[in-house]
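Now for the letters of each chain:
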Amino acid sequence: MVGKHPAQELHEFGSGQDRVPVLVSIYGSSIEVDVMAFGVGLSIGTVNTVCATAADRAGKYPPGRRGAPPTTWRTTLTFDSSGTARVGRIPRHGRVITEFADLTQRAAPVARVGHRALSAADLIATVANSVLEEVLGKAPAGQGSRPDTGIAVTHPAGYSANLVTDLRTALDGVGLGRAELLAEPIAAATWLQAQRGPLMPGLALVYDLGGSGLDVTLVRVGAGAPSNPIVGIPQHSADFGGRAFGGLVAGKLRRAPDGPVVSRVVDDAGAGELRTEHITASLKLVYRCLRIADVTMADVDRVLVVGGAARPPEVAQVLAEQLARPVTVAPDPERTIADGAAIAARQSVLAQDSAAHRHHVLADLFRRVTRVAAL
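Residues numbered from 1 in each chain as written. Predicted model: local features only at pLDDT ≥ 70, side-chain atom pairs only at ≥ 80, totals over all residues. Heavy atoms only, no water.

## Notes on unusual backbone geometry
In step 1: Here the bond from Gly197 into Pro198 is cis, since omega is 0 degrees, no more than 30 degrees from zero.
In step 2: Turning to its location among the elements, Pro198 is positioned in the loop between helix H4 (184-196) and strand E13 (202-209).
In step 3: A positive phi angle, near 55 degrees, is found at Glu99, a position not held by glycine.
In step 4: Of note, Glu99 is situated in the loop between strand E8 (85-87) and strand E9 (111-113).
In step 5: A positive phi angle, near 55 degrees, is found at Ala324, a position not held by glycine.
In step 6: Within the element layout of this structure, Ala324 appears in the loop between helix H7 (313-323) and strand E17 (327-329).
In step 7: The exposure class of Ala324 is exposed, given its relative accessible area of 52%. (Helix = DSSP H or I, 4+ residues; strand = E, 2+ residues; numbered from the N terminus. Buried < 20%, exposed > 50% of the residue type's maximum accessible area, 1.4 Å probe, protein only.)

## Things to note about the nonpolar core
Within soluble globular proteins, side chains that are nonpolar generally end up buried alongside one another.
In step 1: Of all hydrophobic cores here, the largest spans 36 residues; its most connected members are Leu77, Leu103, Leu123 and Val131.
In step 2: Looking at this core, the elements that each hand over two or more residues are strand E4 (38-44), E8, E9, helix H1 (120-136), strand E11 (149-155) and helix H3 (161-173).
In step 3: Ranked by residue count, the leading element in this core is H1, at eleven residues. (Core = buried A, V, L, I, M, F, W, Y, C linked by side-chain atoms within 4.5 Å.)

## Some thoughts on the packing of H4 against helix H8 (residues 336-352)
Axes are the key here: two packed helices are described by the angle between their axes and the distance separating the axes.
In step 1: For the pair H4 and H8, the least separation of the axes is 7 Å and the interaxial angle reads 75 degrees. Relative to H8, H4 is oriented roughly perpendicular. Residues Glu184, Ala187, Ala188, Thr190, Trp191 and Ala194 of H4 touch H8, and the partners they reach there are Thr336, Ile337, Asp339, Gly340, Ala341, Ile343, Ala344 and Gln347.
In step 2: Class assignment for the residues of the contact of H4 with H8 results in eight nonpolar, four polar and two charged. (Axes fitted to C-alpha atoms, helices over the stretch in contact; angles between N-to-C directions. Parallel < 35°, antiparallel > 145°, perpendicular 65-115°, else oblique. Contact = heavy atoms within 4.5 Å. Nonpolar A, V, L, I, M, F, W, Y, C, P; charged D, E, K, R; others polar.)

Listed below in structure tokens is the structure:
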């Protein structure tokens, strides 16, 4: 088909909630049919919330949305007098709700809006609902009924079954019953497979260095990986990450009780040295993760580095040198988990469109467009 410009038409086939958008491309007597599927991925961290979209070649943005949607928000919530939630705003006056994204840190309700007591899980669901409405350009509860759009919301791999259930219940409560829940390292591995695949069967170590902590997880990748590919027990520590490193820098600048402040700033070289020490010290968490899974670095095929605090080059350099394994880092590692979740959400839409259903929906389509092409 090289050098030819096809006639393209967008159709919807099926009925009710089973209506499927289809792009029909006609090259003379040849016909190509693409079932359109969109995925939206959400990563809600303690510091930032990131949203990403994945689409097939038929379209770049979510249905009904023009232009690139926003991608990153501060994980904060405010409520106006009507109870409407706003994400990412820090007003000069009024209450701002923060530090609710880690469900392992809180159990009791953490906010009251009107007559409603909102738990941490409820607040996370509120963030998801508000962000999705902004990205999709419409209420996600209505969007969730579309068979062409999938939504995946990520969570730490270390969450217990009860915490995942709490989050599931909260999402259902805001109308996101069809949104999938996906462990963060599995979303990251999905991005790895999509961007660097096909991968040989093996083990990947996901090193997730975020603003509030470090998570290390072993994940099986490649053909034959199980539906739950996590190996061993994911490890978490708040001793490493953006905030911990900030505290380390502040400690270097703090005035000693019996001496003057030597410097009020840390130059690039000094910050690089501190970060190298910081990442080197974090390797104890990596080795603990390996030990619990009863494997060694010789069994690991690659290291995938994700998280907003993983941008500085010293992070990947230290890991590559100390672990002696190929290290993969996305251009913006803060987006990797959300990107992987979006890819997984789109794959789920395509998987749900079974061969039998697709044949039923598209049978009439082929007959109709074949008649059109013959004219």
